[in-house]
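Okay, here's what each chain looks like letter by letter:
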Amino acid sequence: SDDDEAEDEEEPQMEADQIPKKTHDIPIDQLIERMDESDLDYELVAELVSALVCVKHASDDGSILIFMSGAPEISRAIDAIKLRTRHQSVLDYPLHGGLQSKEQQQVFTRAPRGITKIFVSTNVAETSITIPDCTIVIDSAKEKQSSYDPANRMPLLVERFASRASLKQRRGRAGRVRAGTCYKLISKKTLASLSEHGEPEIRRCALDQTLLSLLFLGVEKGSGEFLSTLLDPPSSASVKAATKSLCQIGATQQRDELQLTPLGVHLAGIPAPPTVGKRK
């Protein structure tokens, strides 16, 4: 029937260039605000590196420094960059505290003409290592800080946004010898909300090991008197928590003043948290 023939007819296909494209009238600032800044986009980092290498002049021998929060993040970033720049002339180098000095010396070697060196580093490159030919910095704005789990009294590393002072220090790594550029992977709103300076480690970590060492040296009696003289003294609550923890594991005993037990003297010589040292 005519109806059947109509059903058998193929629907007209539209060419790719005839398909209507969606238009986005949302401002770019609002699109950025919708991004989850706690989750770093490694593909975005790789795309940015590739774009920067593409626009470099042939005579430009400047290198690119990328700040990541830790060694695992460095590996992920390098993998993404290798995949995206596989047809470009680049050399990738990791930089972190776990590398041998020989590996760190690669920072100071000159790359062959036409090849761009890319260093992916932790905050060790903020102050400890200076890359003379660095002209571009890409900053993830993240770092890992020492902290502790109050429930288990165990130290741990926590990833968080760096302070504005740290980000300024990272920015200064580019252009120390000539003009440089810094790209921060963070919104202006989040940047403005960051603290000016990072909190000192002694105020955000458990004091068990510190107090044990001070008792062993004889400069602290458990009252926190010596600790209170520090430039950034810890809270009295942290001192009391450390005192209680050391007494519970038998490292100290309270008489007229806090004193080390034989176990405490032994634990003071172990470079590990007292609770971990006792388990060993």
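For every chain, the first residue of the written sequence is number 1, and numbering continues from 1 onward in sequence order. This being a predicted model, a pLDDT of at least 70 is required before a residue's local features are given, and a value of 80 or more before pairs of side-chain atoms are given or counted; all residues contribute to the totals for chains, interfaces and linings. Where side-chain values are given, they derive from all heavy atoms of the structure, hydrogens and water being excluded.

Chemist: Before we move on, can you summarise the pairing of strand β4 (residues 134-139) with the specific residues and values?
Modeler: Taking burial as the measure, the six residues of β4 include six buried ones, the bulk of the element. When DSSP finds at least two bridges between two strands, those strands are taken to pair. Helix numbering and strand numbering both begin at the N terminus, where a helix is a DSSP run of H or I of at least 4 residues and a strand a DSSP run of E of at least 2. Here five bridges tie strand β1 (residues 63-67) to β4, and the two strands are oriented parallel to one another. Directly across from Leu65, in β4, lies its bridge partner Val137. Whether a residue is buried, partly exposed or exposed follows from its accessible area with a 1.4 Å probe, protein chains only, as a fraction of its type maximum: under 20%, in between, or over 50%, in that order.

Chemist: Break down the nonpolar core for me, with residues and values.
Modeler: Among buried residues, the Ala, Val, Leu, Ile, Met, Phe, Trp, Tyr and Cys ones that are joined through side-chain atoms within 4.5 Å form a nonpolar core. In this structure, Val49, Ile64, Ile66, Met68, Ile118, Val120 and Ile138 are the most contacted members of the largest nonpolar core, which totals 21 residues. The set of elements that each furnish at least two residues to this core consists of α3 (42-55), β1, α4 (71-84), β3 (116-121) and β4. Here the element with the most residues in this core is α3; it accounts for seven residues. The next biggest cluster of nonpolar side chains, apart from the first, holds 14 residues, and it includes Leu65, Tyr93, Ile131 and Cys134.

Chemist: How would you summarise the packing of aromatic side chains if you had to cite specific residues and measurements?
Modeler: Aromatic ring pairs are reported here in terms of the distance separating the ring centres and the angle at which the planes meet. Each Phe, Tyr or Trp ring, with Trp reduced to its six-membered ring, pairs with another whose centre is within 6.5 Å; inter-plane angles below 30 degrees give stacked pairs, above 60 give edge-to-face pairs, and intermediate values give tilted ones. For the coordinates displayed, the defined rule picks out one aromatic pair. Ring centres of Tyr93 and Phe119 lie 5.3 Å apart, and the angle between their planes is 20°; this geometry places the pair in the stacked category. Pair noted here: Tyr93 is in strand β2 (residues 90-95) and Phe119 is in strand β3, with a separation of 26 residues, a long-range link. The same class applies to Tyr93 as to Phe119, namely buried.

Chemist: How would you explain the pattern of salt bridges if you had to name every residue and give the values?
Modeler: Every case where a carboxyl oxygen of Asp or Glu lies within 4 Å of a side-chain nitrogen of Lys or Arg is listed as a salt bridge. Within this structure, the stated rule accounts for nine salt bridges. The closest approach of N and O atoms between Arg84 and Glu47, which form a salt bridge, is 2.9 Å. Here Arg84, found in helix α4, pairs with Glu47, found in helix α3; they are 37 residues apart in sequence, far enough to count as distant. Residue classification places Glu47 among the partly exposed residues on the basis of a relative accessible area of 39%. The partner of Lys82 in a salt bridge is Asp92, and the shortest N-O contact between them spans 3.5 Å. Of this pair, Lys82 sits in helix α4 while Asp92 sits in strand β2; the two residues are ten residues apart in sequence, bridging distant segments of the chain. With a relative accessible area of 17%, Asp92 lands in the buried category. Connected via shared salt-bridge partners are Glu126, Asp139 and Arg170.

Chemist: How would you explain the packing of α3 against α4 if you had to name every residue and give the values?
Modeler: To define axes, lines are fitted to C-alpha atoms, for helices over the stretch in contact only, and angles between the resulting N-to-C directions are given on a 0 to 180 degree scale. Running from N to C, α3 and α4 point in directions that differ by 50°, and their axes come no closer than 8 Å. Looking at the two axes, α3 sits oblique to α4. The two elements α3 and α4 cross, and the hand of that crossing is right-handed. Residues Tyr42, Ala46, Glu47, Val49 and Ser50 of α3 form the contact with α4, whose own contacting residues are Glu73, Arg76, Ala77, Ala80, Ile81 and Arg84. Each residue belonging to the contact of α3 with α4 can be placed in one class, and the counts come to six nonpolar, one polar and four charged. Between 65 and 115 degrees an angle is taken as roughly perpendicular, under 35 as roughly parallel, over 145 as roughly antiparallel, and anywhere else as oblique. Crossing handedness is defined as follows: a turn of the near helix away from the far one that is anticlockwise and smaller than a right angle gives a left-handed crossing, while the clockwise case is right-handed. Working rule for contacts: check all heavy atoms of both residues, and any pair within 4.5 Å makes them a contact. Side-chain classes follow a simple rule in which Ala, Val, Leu, Ile, Met, Phe, Trp, Tyr, Cys and Pro form the nonpolar group, Asp, Glu, Lys and Arg form the charged group, and the remainder, Gly included, forms the polar group.

Chemist: Pulling in residues and values, what's your account of α4?
Modeler: Given the number of residues in a helix, its expected span is that number minus one, multiplied by 1.5 Å. Between the first and last C-alpha of α4 there are 20 Å, a value that for 14 residues agrees with the 20 Å anticipated at 1.5 Å per step. What α4 keeps buried is the set Glu73, Ile74, Ala77, Ile78, Ala80 and Ile81. Down the axis, α4 shows its buried residues gathered within 165° of arc, on one side only. Those residues of α4 that are exposed and aimed more than 90 degrees away from the buried face are Arg76, Asp79 and Leu83. Picture the helix axis, draw a direction to every C-beta atom, and the arc is the one those directions span.

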